[in-house]
Amino acid sequence: MPAVSPVTSVSAHVALTLARHIDHVFGVMGNGNAYFLDALERSTDVHFTAVRHEAGGVVAADAYHRASGRLAAATATYGAGFTNTLTALAEAVQAHVPLVLVVGDEPTSGPRPWDVDQIALASAVGARTYTVGRADAAATTVIAIEHALTYRVPTVLAIPYDVAARDAGPVPEPPAPRLPAPLTPAGPFAAAAVDGIVEALATAERPFLLAGRGAWIAGAGEALGELADAVGAVTASTALGRGVFPRTEFDLGVTGGFGAEGAMELVREADVAVVFGASLNQFTMRFGELFAPGTRVFQVDVAGAATHPHVGGYVRGDAAVVARALTDGLRARAARPSGWRESVDLAPLRAYEPGDDTAPDGRLDPRSVAARIGELLPDDRVVVSDGGHFIGWANMYWPVASPDRMSMVGTAFQSIGLGWPSVPGAALAKPSATVVLTTGDGGGLMALADLETAVRVAGGRGIAVIWNDAAYGAEVNLYGLKGLAKEPMLIPEVDFAALASGVGAEGVVVRTLADLDRLASWVGEPEASRRFLVLDCRISGEVIAPYQQEIIRVNS
């Protein structure tokens, strides 16, 4: 391709327009995005972080959004570079992450022998593609941004190979993306539905409020806190909404399979439950057992209709807007708080089983390992989780301050192997916090390409906890117990501590709880002088997380 000014090419139009709305891009350079990255580096203040696998670029951008709330951006080349992103792209779609993925694509003249139908592939996982041209690159970029932010979904922005370096002249002044206002219930039916929830809360003896990630995205924390105070409600959150309620003394923590048993028993005593910004999936709902049959359940969400059959009343609207309307309605009725939350000692209900030092097979009990790590971790932390059986341990034993400090990239799509590249995204989103990765040996090996990226980017602010049970634990628990052959479920025990040292981290093999003393001393060292710490925890696979026990019971 001929040389062209780095600020007038089609790729430059994309880079400079996108740069108005982002501050970080993650990805791998190739033929299809070389000119885009050149313009980004030479002509903008956007920071590019190289990862070692294209899936890792999307994952890092995904984690960056979850920890910062900002529009995410990733980039890959065409063909194999693009197809490598698909699992991570599907996860971001299902997790409702606003993300722009800039990719190369086949020439406008038609596909070459190595090209694939990228638009169809993106569509198959739920992502829409916008293709730029020589005359409309800046405007198309704005449309892609607007789509991602409006619908909270990844959008693919494709640059055909034969126009990437074409001179398109000066970058025009594109319009700002037009974004919708918070959804406000309107009309007599919506007003009656809000009044119905007000009436139920005003007369409730044991009111309960549950909030999910949607409530956090809506900025509803303060409004929900006022509503909880007005009605005297006990509160709790989903796994992705933890910490959204401001009054922790009246909060039960996480619901569903990650919830403490005593806390979940109290939830079943509620006579009225109102759910804000939570999809009420099978895990949150404990497979239908979260609420007692006599509980009146109401839901507030932006979805088109209620998302669980146990919901008896539904209001479509922004969580913050509706929470304020409910509080106003209670005040207009001069409703008094129920007094329920003050009558119950909630602290012991939030306690989890401490576990034994070692399991019957002689390996570490993951509950005691998780509890001890939770005692040692810095308060200013962000936890990023891969997928696998082990997700129960961090979710139960490592509380975080707010929903943007716990990311489970992979769980929406039921994927593993997205853990290591989550670290750089979270580290750049929260530059003062310690980033803690929780991953298994199976997922840890699958994502190994970006072990180096995690160590390079997080440095002395990074910790990885490897739950090393020499197996795919979830499969052993679900199918090994049914008598299926276990050999395909097993993994030769890998020395992750040694692998980590090869890319500049410090690795510690943890065979006893005393080995975790290194974490205690690491936390006390200056960040600049310590290395990324990898704790290779040799745990027993015989201790099954409570959430997995629920799944086993349902599938028995």
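Look up: the structure comes first, before these words.
About the criteria used
- Residues numbered from 1 in each chain as written.
- Predicted model: local features only at pLDDT ≥ 70, side-chain atom pairs only at ≥ 80, totals over all residues.
- Heavy atoms only, no water.
- Axes fitted to C-alpha atoms, helices over the stretch in contact; angles between N-to-C directions.
- Helix = DSSP H or I, 4+ residues; strand = E, 2+ residues; numbered from the N terminus.
- Parallel < 35°, antiparallel > 145°, perpendicular 65-115°, else oblique.
- Left-handed = near helix turned anticlockwise from the far one by under 90°.
- Contact = heavy atoms within 4.5 Å.
- Nonpolar A, V, L, I, M, F, W, Y, C, P; charged D, E, K, R; others polar.
- Buried < 20%, exposed > 50% of the residue type's maximum accessible area, 1.4 Å probe, protein only.
- Pairing = 2+ DSSP bridges.
- Salt bridge = Lys/Arg side-chain N within 4 Å of Asp/Glu carboxyl O.
- Phe/Tyr/Trp six-rings, centres within 6.5 Å; stacked < 30°, edge-to-face > 60°.
- Polar contact = N/O pair within 3.5 Å; in protein donor to acceptor, adjacent residues only side chain to side chain.
- Expected span 1.5 Å × (residues − 1).
- Arc of directions from axis to C-beta.

Visitor: Teacher, can you tell me more about the packing of helix α1 (residues 10–18) against helix α2 (residues 34–43) here?
Guide: The packing of two helices is summarised by the inter-axis angle and the distance between the axes. Direction vectors running N to C along α1 and α2 enclose 50°, while the axes themselves pass 8 Å from each other. For the element pair α1 / α2, the angle class is oblique. For α1 against α2, the interelement crossing comes out right-handed. For the pair formed by α1 and α2, the contact residues are S11, A12, V14, A15, L16 and L18 on the first element and Y35, F36, A39, L40 and S43 on the second. In terms of residue class, the contact of α1 with α2 is made up of 9 nonpolar, 2 polar and no charged.

Visitor: Sorry, what's going on with the pairing of strand β16 (residues 462–468) here?
Guide: It is a general feature of regular strands that their side chains alternate between the two faces of the sheet. With 7 of its 7 residues buried, β16 lies for the most part within the structure. Burial along β16 is two-sided: G462, A464, I466 and N468 facing one way and I463, V465 and W467 facing the other are all buried. Alignment of strand β15 (residues 434–440) against β16, held across 6 bridges, turns out to be parallel. Each bridged residue has a counterpart across the sheet, and for T439 the counterpart in β16 is I466. Direction of pairing for β16 relative to strand β18 (residues 533–538): parallel, over a ladder of 6 bridges. Each bridged residue has a counterpart across the sheet, and for I463 the counterpart in β18 is L533.

Visitor: How should the pattern of salt bridges be read in this particular structure?
Guide: Under the definition given, this model contains 26 salt bridges. R52 is the salt-bridge partner of E452, the closest N and O atoms lying 2.8 Å from each other. Within this pair, whereas E452 is found in helix α18 (residues 451–458), its partner R52 is found in the loop between β2 (47–50) and α3 (54–68), the two being separated by 400 residues in sequence. Between D380 and R405 there is a salt bridge; the shortest N-O distance is 2.9 Å.

Visitor: Quick question: what am I supposed to make of the packing of aromatic side chains here?
Guide: Working definition: an aromatic ring pair is given by the centre-to-centre distance plus the angle between the planes. Counted under the stated rule, the structure contains 8 aromatic pairs. Each ring, one from F208 and one from F291, has its centre 6.2 Å from the other, and the planes form 65°; the classification is edge-to-face. Of this pair, F208 sits in strand β7 (residues 207–211) while F291 sits in the loop between β10 (272–276) and β11 (296–301), and the two are 83 residues apart along the sequence. For the pair shown, F208 and F291 are each scored as buried.

Visitor: In this structure, what is going on with the side chain of N395? I would like to understand it.
Guide: Mapped onto the elements, N395 comes out in helix α15 (residues 391–397). A polar side-chain atom of N395 sits 2.8 Å from the main-chain carbonyl oxygen of I391.

Visitor: Looking at this structure, I do not really get unusual backbone geometry. What am I missing?
Guide: Peptide bonds are, in most cases, trans, and in most cases residues other than glycine have a negative phi. Of note, the phi angle at H96 is positive, near 60°, even though the residue is not glycine. You can see H96 is positioned in the loop between α5 (86–94) and β4 (99–105). For H96, a relative accessible area of 47% puts it in the partly exposed group. Even without glycine at this site, Q414 takes up a positive phi of about 60°. In this fold, Q414 is placed in the loop between β14 (406–408) and α16 (422–429). Q414 sits in the exposed class, given a relative accessible area of 60%.

Visitor: I keep staring at the sheet that holds strand β17 (residues 506–510) and nothing clicks. Help me out?
Guide: Across a sheet, strands are paired by hydrogen bonds formed along the backbone, either parallel or antiparallel in direction. An order of β14-β13-β15-β16-β18-β17 is seen for the 6 strands of this open sheet, with the pairing classed as parallel. Across the chains shown, the open sheet's two edge strands, defined by having one partner strand only, are β14 and β17. Pairs of neighbouring strands in the sheet enclose a mean axial angle of 15°, with direction left out of account. Pairing geometry for strand β13 (residues 381–385) and β15, over 5 bridges, is parallel. Its bridge partner lying in β15, R381 is registered against T434.

Visitor: What is the right way to look at the packing of α3 against α5 in this model?
Guide: At a minimum axis distance of 7 Å, the contact between α3 and α5 shows a crossing angle of 25°. The angle between α3 and α5 falls in the class roughly parallel. Residues A55, V58, V59, D62 and R66 of α3 form the contact with α5, whose own contacting residues are A88, L89, E91 and A92.

Visitor: Teacher, can you tell me more about the sheet that holds β7 here?
Guide: Sheet architecture is open: 6 strands sit in the order β9-β8-β7-β10-β11-β12, paired in parallel fashion. This sheet does not close on itself; its edge strands, each paired only once, are β9 (251–254) and β12 (313–316). Strand-to-strand, the axes of this sheet are offset by a mean angle of 15°, without reference to chain direction. As defined by bridge partners, β7 adjoins strand β8 (residues 234–237) across 4 bridges and the pair is classed as parallel. Residue F208 lies in a different strand from β8, and its bridge partner there is V234.

Visitor: Please clarify how helix α8 (residues 188–203) should be interpreted in this entry.
Guide: Since the α-helix advances by 3.6 residues per turn, residues separated by three or four positions end up pointing in the same direction. Counted at 1.5 Å a residue, the expected span for α8 with its 16 residues is 22 Å, and the 23 Å between its end C-alpha atoms agrees. Turning to α8, its buried residues number three or more, namely A190, V194, I197, V198, A200 and L201. When α8 is viewed along its axis, its buried side chains cluster within an angular range of 165° and face the same direction. Exposed residues pointing more than 90 degrees away from the buried face of α8 are listed as P188, F189 and T203. Lining the buried residues of α8 we find β7, α10 (221–231), β10, β11, β12 and α12 (319–332).

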